[in-house]
Amino acid sequence: MIDLHLHSNHSDGTDSVAEILKKAEDKKLEIISITDHDSIDAYFELEKNPTMLNLFSSKVITGCEFKTFFGGISIEILGYGFDYRNIKMPPVDSKSIQSLYIEQFKKIMNTYGFIYDNNELYIDFNNPNKHFAGYVVAYEILRHPENSDLVKRIGGFTPNDFFRTQQCNKDSIFYIDESKYYLSAEQIIKLIHDAGGLAFLAHPYIYNISNHESFISDILSNTDIDGVECIYPLFSEEQRNTILFLAQKHNKLVSGGTDFHGKNKPNIELGTGINNNVDIPASFIADWFNKSKTL
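A. Structural detail: the pattern of salt bridges. Inspection of every chain in the model, using the stated rule, returns 9 salt bridges. Note that K67 is salt-bridged to E178, the shortest N-O span being 3.1 Å. Here K67 is found in strand β4 (residues 63–70), whereas its partner E178 is found in the loop between α6 (162–167) and α7 (185–194), with 111 residues between them in sequence. For K67, a relative accessible area of 9% corresponds to the buried category.

Listed below in structure tokens is the structure:
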């Protein structure tokens, strides 16, 4: 089995790199990739501590989940097998951007009368629960029972889905246009390719759009993207089959993973997803993995 979508505490996961390697070994996984958000620090940690790789007896392929945009829609692209020492990471000051979003959210909350503790609204990259403004704000809003009616009025949310249901939703009071802060999908794909890697559209069915199949076909046919993540814990069997069909139709590669975040997504287990609904054999990526660099 494999898992090519894992987050460590170098982004918003709660497990250390060592803990992820140990869990992957316990699960007897054959291939993994740590795909932190806009960060490759996990691989520099492994470079500084090479004996850590002894915790996992199988293959680790370099990875990263890049935030980007396509057709005005906020999406993520997974990069695999790139040279982490030479990849030109996007010139993004994530901490400053997320802090800016906190201030924008506070103005919105003040306008609509939400109750919150200002001392709890900050970004701290040393705390996996404080990496993203949407998560921080949603958690703080829901912490105060006085906000329950306002939350219901805008459709409800959780800290984990606030980004998709509110922050990326143009019809939401919490919508933020992030496109000026991040590189386009075409630019992200190019920087992955320039570092010798492959680019995959991440979890296409979780984006807040009306026609996912049309969107998937659009990005597969109109960019140089190499493939698409087809297996994901939140996908139905029908959705998986549809993505696999579209990948084959557009002659694209396939990948899959759990999007493991440790305690931040406690229902998702590394390697197996939600109630064992992810089971990806190594043969699933045989047509491209053997050509990719591993640690």
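Okay, back to it.
B. Examining the side chain of S74 more closely. On the secondary structure map, S74 appears in strand β5 (residues 73–80). Here S74 falls in the buried class, since its relative accessible area comes to 9%. In terms of polar contacts, S74 uses its side chain to reach the side chain of K67, at 3.3 Å. Discounting residues that sit within four places of it in the chain, S74 has contacts with K67, T68, F69, F163, R164, C168, E178 and Y207.

C. Up close: the environment of K106. Position of K106 among the secondary structure elements: in helix α3 (residues 94–112). Spatially, the C-alpha atoms of K106 and Y116 are 8.9 Å apart, while their sequence positions differ by 10 residues.

D. Representation of the nonpolar core. Membership of the largest hydrophobic core comes to 67 residues, with the highest contact counts inside it found for I32, I75 and I77. In this structure I32 touches D3, L4, L6, I20, L21, A24, F56, K59, V60 and I61, once residues within four positions along its chain are discounted.

E. Examining the packing of aromatic side chains more closely. Evaluated as defined, the whole model comprises 15 aromatic pairs. Both rings, one in Y80 and one in W288, keep their centres 5.7 Å apart while their planes meet at 25 degrees; by these two values the pair is stacked. In this pair, Y80 is assigned in strand β5 and W288 in helix α10 (residues 286–289), connecting sequence segments 208 residues apart. Here Y80 falls in the buried class, since its relative accessible area comes to 0%. When its relative accessible area of 2% is taken as the criterion, W288 is described as buried. With 5.2 Å between their ring centres and 45 degrees between their planes, Y232 and F235 make a pair best called tilted. Residue classification places Y232 among the buried positions, given a relative accessible area of 2%. Among the aromatic side chains, those forming a connected cluster through ring pairs are F105, F114, F157, F162 and F174. Geometry around Y122 places K130 over its ring, the cationic atom sitting 4.3 Å from the centre.

F. Quick look at the sheet that holds β5. If you walk across this open sheet you meet the 5 strands as β4-β5-β6-β7-β8, and the pairing is mixed. Where the open sheet ends on each side, the last strands, each with one partner, are β4 and β8 (253–256). Averaged over all pairs of adjacent strands, the angle between strand axes in this sheet comes to 40 degrees, irrespective of strand direction. Packed onto the sheet, α7 meets β4, β5 and β6 (198–201) and runs at close to 155 degrees relative to β4.

G. Layout of the environment of D3. Residue position: D3 is located in strand β1 (residues 2–6). Take D3: its relative accessible area is 0%, and that puts it in the buried class. Each C-alpha atom, one on D3 and one on G256, is 6.7 Å from the other, the two residues being 253 residues apart in sequence. Those residues within four positions of D3 in sequence are excluded, and the remaining contacts are L29, I31, I32, S33, G256, G257, T258, L270 and G271. For D3, the side chain forms a polar contact with the main-chain nitrogen of H5, separated by 3.2 Å.

About the criteria used
- Residues numbered from 1 in each chain as written.
- Predicted model: local features only at pLDDT ≥ 70, side-chain atom pairs only at ≥ 80, totals over all residues.
- Heavy atoms only, no water.
- Salt bridge = Lys/Arg side-chain N within 4 Å of Asp/Glu carboxyl O.
- Helix = DSSP H or I, 4+ residues; strand = E, 2+ residues; numbered from the N terminus.
- Buried < 20%, exposed > 50% of the residue type's maximum accessible area, 1.4 Å probe, protein only.
- Polar contact = N/O pair within 3.5 Å; in protein donor to acceptor, adjacent residues only side chain to side chain.
- Contact = heavy atoms within 4.5 Å.
- Core = buried A, V, L, I, M, F, W, Y, C linked by side-chain atoms within 4.5 Å.
- Phe/Tyr/Trp six-rings, centres within 6.5 Å; stacked < 30°, edge-to-face > 60°.
- Lys NZ or Arg CZ within 6 Å of the ring centre and 35° of its normal.
- Pairing = 2+ DSSP bridges.
- Axes fitted to C-alpha atoms, helices over the stretch in contact; angles between N-to-C directions.

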